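# What the coordinates show
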Amino acid sequence: ARLSVRDALGAQNTKGERVKVQGWIRSVRSQKEVLFLHINDGSSLESLQVVADSSFDSRELAFGSSVEVQGQLVKSPSKKQDVELKAEKIEVVGNCDAKDCGFVHIHTPIITSNDCEGAGELFQVEPSSKIKVPEKNFFSVPAFLTVSGQLHLEVMSGAFTQVFTFGPTFRAENSQSRRHLAEFYMVEAEISFVESLQDLMQVMEGLFKTATMTVLSNCPEDVELCHKFIAPGQKDRLEHMLKNNFLIISYTEAIEILKQASQNFTFTPEWGVDLHTEHEKYLVKHCGNIPVFVINYPLALKPFYMRDNEDGPQHTVAAVDLLVPGVGELFGGSLREERYHFLEPRLARSGLTEAYQWYLDLRRFGSVPHGGFGMGFERYLQCILGIDNIKDVIPFPRFTHSCIL
Ligand code: 4AD
Ligand code: MG
């Protein structure tokens, strides 16, 4: 008989009836001898546990794939549900290769002459003084360790439409915080023909959720160990994040919310001033510990490349940050200013026109609406594992006064 997930879960006195259940995979957990799947078809808030032996190929059974499972409905030894489905046959109806999505992997350079974020937090690269360089300096122009691969990705998105990079980035930030490193890894994506922040946020939320589901299904023991000893209750907090649609508020709304609670803060929230970590953490709590996108920041706070919203005296840009529980900002992104006559004066105001001719050329020849984002990888680990200090997620953290080992 064909059963809905709801009917399967409600089955009484199961005596190993043969049934067929169809639905989408909500999670996959593989252990040595068995594979646990949770599937749902929208008929129930709860998912049905499917137990399969190791002869089934877990690579085929990815999060989000639609499947048809035939097997026996049996009493479950787990306390969480009464019944489970012992799989005899699992057919993938439509697979879900969501992590690829047609993005081309680009290796962006580590040494660069640009300061993408325009914040001047650069480590300069020069040959050691023992080396004799014929010219005045090695590269003829000042060179730095990259703060972001974005500008190079923008070039490549003009050839491949959707591109990503994953590599080390460096910031000479003089801050001793629980979420800043001088050397960290970033996942960055850039997408051509994106015209709204909505489209970009969908990709960001999709990346967070699929990456997390993949981590949970590929290394459940490691995650459980962290959750058990370092962050009790983190599993539920994480499930809460995965289950809910992320929220969206504007920067202006965020400031309004913060002003109502200004007695809680060391730094007074004010329109036109950047959000502090304490503000970001408050906003996430205010949103019920569901990740929240904050969009449309004041132009004056953001780098030259963000797209002008042309919205009158307040004057914002199409920026988006994703704030998550325990960490605050995890992603930073934006629509890019693809219009030459908007970009050129902004570069000129910062005295960058000459150095960024090549970047302006991207707007001169075949310009296209586009956007992208970066996700700090160590902050991502902090968020899913529930680790309070970023220095605890990597073996050799680099920060001010710390580069011995
Ligand atoms: O918000 P940020 O500065 O954005 C960019 O660099 C864009 N160019 C990315 C893009 O659009 N392609 O940095 C992105 C993310 C932050 O949200 C944060 O998670 C992480 O990188 N990050 C840091 N992580 C650890 N230590 C630091 N010092 C970090 N600075 C940024
Ligand atoms: Mg940022």
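Within each chain, residues carry numbers counting from 1 in the order of the written sequence. For naming, the first written chain is A and the first written ligand is 1, with later ones following in the order written. Per-residue local features are limited, in this predicted model, to residues with pLDDT of at least 70; the limit for side-chain atom pairs, both in listing and counting, is 80 or more; totals at the level of whole chains, interfaces and linings are taken over all residues.

## Topic: the overall build of the chain
Helix and strand labels come from DSSP, where a helix needs a run of H or I of at least four residues and a strand needs a run of E of at least two; each type is numbered from the N terminus. The secondary structure content of the chain amounts to ten helices and 17 strands. Viewed in the frame of its principal axes, the chain has a C-alpha envelope of about 80 × 55 × 50 Å. Scored against the burial criterion, the 405 residues of the chain give a buried share of 34%. Put simply, of all contacts in the chain between residues at least 6 apart along the chain, 67% involve residues at least 24 apart. To sort residues by exposure, count the other C-beta atoms lying within 10 Å of each residue's C-beta; 20 or more gives buried, 12 or fewer gives exposed, and values between give partly exposed, all with C-beta atoms placed from the backbone. Any pair of residues counts as being in contact when their C-beta atoms, constructed from backbone geometry, are within 7 Å of one another.

## Digging into the environment of Asn296
For Asn296, the position within the fold is in strand β14 (residues 292-298). When residues no more than four places from it in sequence are discounted, the contact partners of Asn296 are Ser250, Tyr251, Asn309, Thr316, Ala318 and Ala319.

## Notes on the site of ligand 1
The C-beta atom of each residue is placed using the backbone, and any residue whose C-beta lies within 6 Å of a molecule or strand is treated as near it. The environment of ligand 1 is formed by 23 residues, the closest being Ser148, Gln150, Gly332, Gly374 and Gly376. At the level of elements, β12 (183-192), β16 (328-335), β17 (370-376) and α10 (377-385) are the ones that each hand at least two residues to the shell around ligand 1. Its residues assigned to classes, the shell around ligand 1 shows eight nonpolar, eight polar and seven charged. Each residue gets one label: Ala, Val, Leu, Ile, Met, Phe, Trp, Tyr, Cys and Pro are nonpolar, Asp, Glu, Lys and Arg are charged, and the others, such as Gly, are polar.

## Considering the sheet that holds strand β10 (residues 143-145)
Sheet architecture is open: three strands sit in the order β8-β10-β9, paired in antiparallel fashion. Each edge of the open sheet is held by one strand with a lone partner, namely β8 (111-112) and β9 (124-125). By this definition, two strands are paired if DSSP reports at least two bridges between them. Sheet topology places β9 next to β10; two bridges connect them, and they run antiparallel. From the neighbouring strand, Val125 faces β10, where its bridge partner is Ala143.

## Digging into unusual backbone geometry
The backbone of Phe193 shows a phi angle near 70°, a positive value even though the residue is not glycine. Here Phe193 lies in the loop between β12 and α3 (197-218). A tally of 12 C-beta atoms within 10 Å means that Phe193 is categorised as exposed. Backbone geometry at Asn289 places phi at a positive 60°, although glycine is not the residue there.

## Quick word on the sheet that holds β12
Across the sheet, eight strands lie side by side as β7-β11-β12-β17-β16-β15-β14-β13; this open sheet has mixed pairing. In this open sheet, the two strands that pair with only one neighbour each are β7 (104-105) and β13 (247-250). As paired elements, β14 and strand β15 (residues 316-324) share six bridges and run antiparallel to each other. Residue pairing across strands places Pro298 opposite Thr316, the latter belonging to β15. Helix α2 (residues 150-160) contacts β7, β11 (162-170), β12 and β17 of the sheet and is inclined by roughly 30° relative to β12. Axis lines are fitted to C-alpha atoms, over the contacting stretch for helices. Their N-to-C directions set the angle, which ranges from 0 to 180 degrees.

## Regarding helix α7 (residues 277-286)
Along α7, the residues classified as buried are His279, Glu280, Tyr282, Leu283 and Val284. Against the buried residues of α7 lie α6 (251-260), β14, β15 and β16. Positive backbone phi, approximately 75°, marks Gly288, located one or two places after α7.

## Describing the domain arrangement of the chain
Domain assignment breaks the chain into domain 1 (2-94) and domain 2 (104-392). Each domain's limits were defined by an automated method or a database of domain assignments. Its C-alpha centre places domain 1 at a distance of 38 Å from the equivalent point of domain 2. Counting residues at the interface gives five residues for domain 1, matched by six residues for domain 2. Each residue belonging to the side of domain 1 that touches domain 2 can be placed in one class, and the counts come to two nonpolar, two polar and one charged.

## Examining the pairing of strand β5 (residues 66-75)
For strand β2 (residues 17-30) and β5, the ladder comprises eight bridges, and the chain directions are antiparallel. Considered in β5, the bridge of Lys20 is made with Gln70. In the sheet, β5 pairs with strand β6 (residues 83-94) via ten bridges, with the strands oriented antiparallel. Bridge pairing links Glu68 to Glu91 in β6.

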